[in-house]
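Listed below are the residues making up each chain.
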Protein chains: 2
Amino acid sequence: MSTRIHARYLIETPYPVEHAAQVMAGEQSSGTFTRLANETDALREAHGAVVENIETLEAVEAPSLPMRADLAPQGHALFQRALVELSWPLENMGPSLPNLVSTVAGNLFELKEFSALKLLDIDLPSAFADAYPGPQFGMSGTRQLTGITSGPLLGTIIKPSVGLSPAETADMVTQLVAGGIDFIKDDELQANGPHNPLRARVDAIMPIINAHAERTGKKVMYAFNISGDIDEMRAQHDYVVAAGGTCVMVAVNSIGLAGVAHLRRHSQVALHGHRAGWGMLSRSPHLGMAFDAYHKLWRLAGVDHIHVNGLRNKFSEEDASVINSARACQTAMFEAPAAGYQIMPVFSSGQSAAQVADTYQALGNSDLIYCCGGGIMAHPGGIAGGVASLRQAWQAAMANIPLATYAREHRELAQAMETFSV
Amino acid sequence: MSTRIHARYLIETPYPVEHAAQVMAGEQSSGTFTRLANETDALREAHGAVVENIETLEAVEAPSLPMRADLAPQGHALFQRALVELSWPLENMGPSLPNLVSTVAGNLFELKEFSALKLLDIDLPSAFADAYPGPQFGMSGTRQLTGITSGPLLGTIIKPSVGLSPAETADMVTQLVAGGIDFIKDDELQANGPHNPLRARVDAIMPIINAHAERTGKKVMYAFNISGDIDEMRAQHDYVVAAGGTCVMVAVNSIGLAGVAHLRRHSQVALHGHRAGWGMLSRSPHLGMAFDAYHKLWRLAGVDHIHVNGLRNKFSEEDASVINSARACQTAMFEAPAAGYQIMPVFSSGQSAAQVADTYQALGNSDLIYCCGGGIMAHPGGIAGGVASLRQAWQAAMANIPLATYAREHRELAQAMETFSV
């Protein structure tokens with residue numbers, strides 16, 4: 001079993017690639033590229049990062065990120081792209097999530113040698129699984145909490161994003177649970193503002209969900225956005241649990257790794273991870289962090305769900321990237337016998353019955369949360385019609401029946417196909 | 001007194017700028033650009049973000065960030081750059097740091113309308129100062145803790161970055177305190193790894209610092225890197241305090257806002273903020289977050305020091321940007337009567353006596369920590385010579401005496417000028 005941490009990067013540099021890779025390795029381990037007196041052979045051997053592999057890619061004429069004027073190469077230079085894999089001994093930082101990040105995604109982004117540097121993926125020894133319990137519910141636990149044993153959890157987000165009162169939110173929840181929804185979430189902008197405090201929202205919503213559960217046996221999962229300071233989140237989590245809630249949501253980038261990992265150890269319910277701010281890390285092909293690396297940090301910290309956008313979303317993400325992200329969430333993170341830390345991808349952003357067949361075909365399973373806003377609210381049959389149309393679309397997709405065929409005997413699906421140009 | 005939050009952005013878009021700005025405002029407040037049935041006029045009035053100002057800049061031929069293939073503009077399109085200012089009512093999220101971030105730096109980076117989007121600055125109502133105590137020591141408190149009443153704190157980083165044992169680290173500390181240093185810090189890669197556990201390091205180092213303080217009256221500040229999980233950081237902080245330490249360091253991006261704010265409320269010593277990973281947010285001119293916005297978040301969370309690189313550093317940051325960052329740290333964050341939340345900028349990365357005069361001239365004061373590695377270690381007079389040369393260089397700069405003149409009667413400075421090509 002390996003005790004080394006591996007990380008893969010896309011780099012671009014006007015320097016020889018081997019040199020640039022050694023600079024990365026030096027900066028992020030035993031020190032500077034120039035050897036110090038007390039940097040003994042034994043120390044380098046035990047603690048130096050190793051350049052495991054270099055795969056040269058294309059060269060480009062112009063740097064992808066600006067380089068410092070006084071350091072820019074003189075005369076005509078090409079900027080060489082490459083894939084570089086580094087490894088570190090676990091000994092350097094121990095199985096610590098924050099210190100892992102300082103190592104694999106720390107100062108190196110600032111190094112003058114690079115005109116592009118993006119962390120693509122990480123591979124961690126199982127000591128991290130021993131140190132971090134990871135998702136408490138994950139895919140199977142979320143199914144148990146909701147009683148949805150097959151097909152996706154059909155969900156929605158309370159809209160307008162921010163500004164509704166607790167009573168207005170509860171009115172929507174009444175309609176949604178009556179309409180057959182499985183999952184509801186607060187918007188990431190609706191946390192604990194004075195016009196809609198979290199506790200008042202819990203007080204207004206949970207009686208509706210609990211009464212519906214008593215009547216029908218179906219407990220709708222509501223992801224209460226408890227994002228906030230540490231003590232506040234713990235107290236709000238406890239309040240949600242005491243009221244019978246089964247899920248809390250956190251905006252993971254806004255909270256940070258230490259906060260989310262702390263909440264996980266305290267939590268008794270599913271942790272819904274919202275990735276607001278993710279665009280800052282992802283939108284440049286030449287800087288930041290790819291989802292393959294990013295989401296592993298949050299799985300380790302312990303989220304049970306994480307957002308992946310959706311096909312033909314309203315954002316800038318390409319469909320292939322969405323599917324890659326969803327698949328990554330479902331792939332084991334550690335080799336057996338350590339747990340796989342699989343989590344549920346959350347499809348969201350401009351989703352309706354229109355994307356269901358393509359989503360199922362591309363992903364090959366329905367172990368996901370499928371969130372629609374307009375795709376439910378704007379359905380001619382109202383909320384119940386919208387939810388029914390989505391359920392029908394997934395039934396058709398999973399049975400490999402063309403939507404048009406299935407729609408002949410399923411009115412709500414037929415209506416959705418007209419409304420959402422499926 | 002304003003109760004609105006203001007944020008300024010650089011944007012680039014192929015759409016009309018006014019439309020794109022409205023999309024940002026809508027996405028980050030009451031909802032989608034398309035109006036929902038329950039998005040009443042009253043709700044929009046009370047909770048909608050407002051486009052306060054648009055300043056049109058140049059247009060460019062190619063998008064700075066890739067746009068989705070199916071959404072890219074047809075035919076010839078220009079990509080218009082602009083500065084946009086938005087404002088939000090505090091009512092939307094209350095004075096909550098994580099929820100502020102979800103609002104001003106959340107989903108908007110992913111919006112399909114933009115080929116560049118960078119958060120430049122934020123301006124917060126004083127309710128945030130009421131909610132967050134901010135830096136506990138700041139500039140003046142750090143001077144009190146160290147007894148350095150004028151001039152910069154002269155500091156260094158233990159190197160090699162990672163791999164030394166506690167005893168080897170303590171050996172360096174012995175030499176450094178004997179050499180007259182004011183401030184020492186762990187590297188951000190040296191936290192609590194099994195080869196150099198934090199507590200063993202404290203045990204080895206603090207007796208040296210305490211004995212020196214008893215002998216000389218000067219308490220050298222050692223920033224112990226306690227970055228880790230929440231409970232671990234609290235316990236390690238307590239351990240440092242019990243041993244007589246006066247500072248703990250955290251890699252702020254690796255911990256996250258909620259964790260740092262939590263530690264601040266618990267802390268009795270100075271919080272040294274390391275910004276490892278900052279390059280991910282800063283290196284693209286077209287994406288991420290400028291230091292003006294970024295560092296305010298950490299000041300509110302409560303760091304007393306934050307890194308700003310230094311002139312002619314080994315990274316990719318330009319000198320003008322370094323000085324702008326340092327000045328920002330020293331500028332009041334709230335209007336009186338709220339506190340100013342000033343913190344000490346930490347100059348580091350390739351620094352020696354060579355950059356002192358330019359640093360002082362550009363910044364106009366010496367309220368900073370000036371960290372040198374090779375600039376101390378590689379001095380011909382050893383550590384004591386290196387520290388003396390830096391002290392002399394700052395004395396000369398602050399007295400407006402040319403270095404060459406001052407060096408005639410200050411041997412260590414003369415040696416530094418030869419060694420570091422001042």
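Residues numbered from 1 in each chain as written. Chains lettered and ligands numbered in written order. Predicted model: local features only at pLDDT ≥ 70, side-chain atom pairs only at ≥ 80, totals over all residues. Heavy atoms only, no water.

Summarising the element assignment, Asp 231 of chain B is placed in helix 8 (residues 230-242). The spacing of Asp 231 of chain B and Ala 251 of chain B is 20 residues in sequence and 16 Å in space, taken between C-alpha atoms. (Helix = DSSP H or I, 4+ residues; strand = E, 2+ residues; numbered from the N terminus.)

Residues and elements named next belong to chain B. Most of strand 4 (residues 116-123) is tucked away, with 7 of its 8 residues classed as buried. Alignment of strand 1 (residues 4-13) against strand 4, held across 7 bridges, turns out to be antiparallel. Its bridge partner being in strand 4, Tyr 9 is matched across the sheet by Leu 119. The sheet contact formed by strand 4 and strand 10 (residues 287-289) spans 3 bridges and is parallel. For Leu 119, the partnering residue across the bridge sits in strand 10 and is Met 289. (Buried < 20%, exposed > 50% of the residue type's maximum accessible area, 1.4 Å probe, protein only. Pairing = 2+ DSSP bridges.)

Contact residues are listed per partner, giving 88 residues for chain B and 88 residues for chain A. At the boundary of chain B with chain A, total buried surface from both sides reaches about 7200 Å², with 55% on carbon and sulfur atoms. The largest share of the area that chain B buries against chain A comes from Glu 110, Met 280 and Arg 283 of chain B, three residues that together contribute 12% of it. Linking chain B with chain A are 2 salt bridges, by the criterion used here. Its salt-bridge partner being Glu 27 of chain A, residue Lys 314 of chain B comes within 3.3 Å of it at the nearest N-O pair. Our enumeration of links across chain B and chain A arrives at 42 residue pairs in polar contact (both at pLDDT 80 or more). (Contact = heavy atoms within 4.5 Å. Buried area = accessible area lost by both parts, 1.4 Å probe. Salt bridge = Lys/Arg side-chain N within 4 Å of Asp/Glu carboxyl O. Polar contact = N/O pair within 3.5 Å; in protein donor to acceptor, adjacent residues only side chain to side chain.)

A few words now on the packing of aromatic side chains. Residue and element names in this part refer to chain A. Following the criterion strictly, the structure yields 17 aromatic pairs over all chains and no others. A ring pair is formed by Phe 291 and Tyr 294, whose centres lie 6.2 Å apart and whose planes are at 45°; its orientation type is tilted. Taken together, the positions of Phe 291 and Tyr 294, both in helix 12 (residues 291-301) and 3 residues apart, correspond to about one turn of that helix. Residue class for Phe 291 comes out buried when judged on its relative accessible area of 5%. Assessed through its relative accessible area of 1%, Tyr 294 is described here as buried. (Phe/Tyr/Trp six-rings, centres within 6.5 Å; stacked < 30°, edge-to-face > 60°.)

By a simple turn and slide, chain B fits onto chain A: the slide is 0.0 Å along the axis, the RMSD is 0.0 Å, and the turn is 180°. The transformation relating the two chain copies, once decomposed into turn and shift, fits a two-fold axis. Relative to the rotation axis, the C-alpha of Gly 256 of chain B is the closest in chain B, positioned 1.8 Å from it. (Least-squares fit on C-alpha atoms with pLDDT ≥ 70 in both.)

On inspection of all chains with the given rule, the structure shows 3 cavities of 30 Å³ or more. Taken as a whole, the largest cavity spans an internal volume of roughly 540 Å³. As for the largest cavity, its lining consists of 29 residues, and the residues nearest its centre are Asn 253 and Leu 281 of chain A together with Asn 253, Leu 281 and Trp 298 of chain B. Those elements that provide at least two residues to the lining of the largest cavity are helix 9 (252-255), helix 11 (278-282) and helix 12 of chain A together with helix 9 (252-255), helix 11 (278-282) and helix 12 (291-301) of chain B. For the lining of the largest cavity, the class distribution of residues is 21 nonpolar, 8 polar and no charged. (1 Å grid on protein atoms, 1.4 Å probe; cavity = no way out; pocket = protein on both sides within 12 Å on 5 of 7 lines; lining within 4 Å. Points joined across faces, edges and corners; volume = space filled by probe spheres on them. Nonpolar A, V, L, I, M, F, W, Y, C, P; charged D, E, K, R; others polar.)

All right, on to the sheet that holds strand 13 (residues 369-371) of chain B then. Residue and element names in this part refer to chain B. Pairing in this closed barrel of 8 strands is parallel, and the strands run 5-6-7-8-9-11-12-13 around the ring. Strand-to-strand twist in this sheet, taken as the mean axis angle between neighbours without regard to direction, amounts to 25°. The pairing of strand 5 (residues 153-157) with strand 13 spans 3 bridges and is classified as parallel. Bridged to Leu 154 within strand 13 is Tyr 370. (Axes fitted to C-alpha atoms, helices over the stretch in contact; angles between N-to-C directions.)

Attention now moves to the sheet that holds strand 4 (residues 116-123) of chain A. All names here are of chain A. In space, the 5 strands of this open sheet follow the order 2-3-1-4-10, with mixed pairing throughout. Pairing within the sheet leaves two strands with one partner each, and these edge strands are strand 2 (50-60) and strand 10 (287-289). Adjacent strand axes in the sheet meet at a mean angle of 15°, parallel and antiparallel pairs treated alike. In this sheet, strand 3 (residues 79-89) lies alongside strand 2 in antiparallel orientation, the contact comprising 8 bridges. Its bridge partner being in strand 3, Thr 56 is matched across the sheet by Ala 82. The sheet strands contacting helix 1 (residues 17-27) are strand 1 (4-13), strand 2, strand 3 and strand 4, and the helix crosses strand 3 at an angle near 35°. Sheet strands in contact with helix 12 are strand 4 and strand 10, and its direction is about 50° off that of strand 4.

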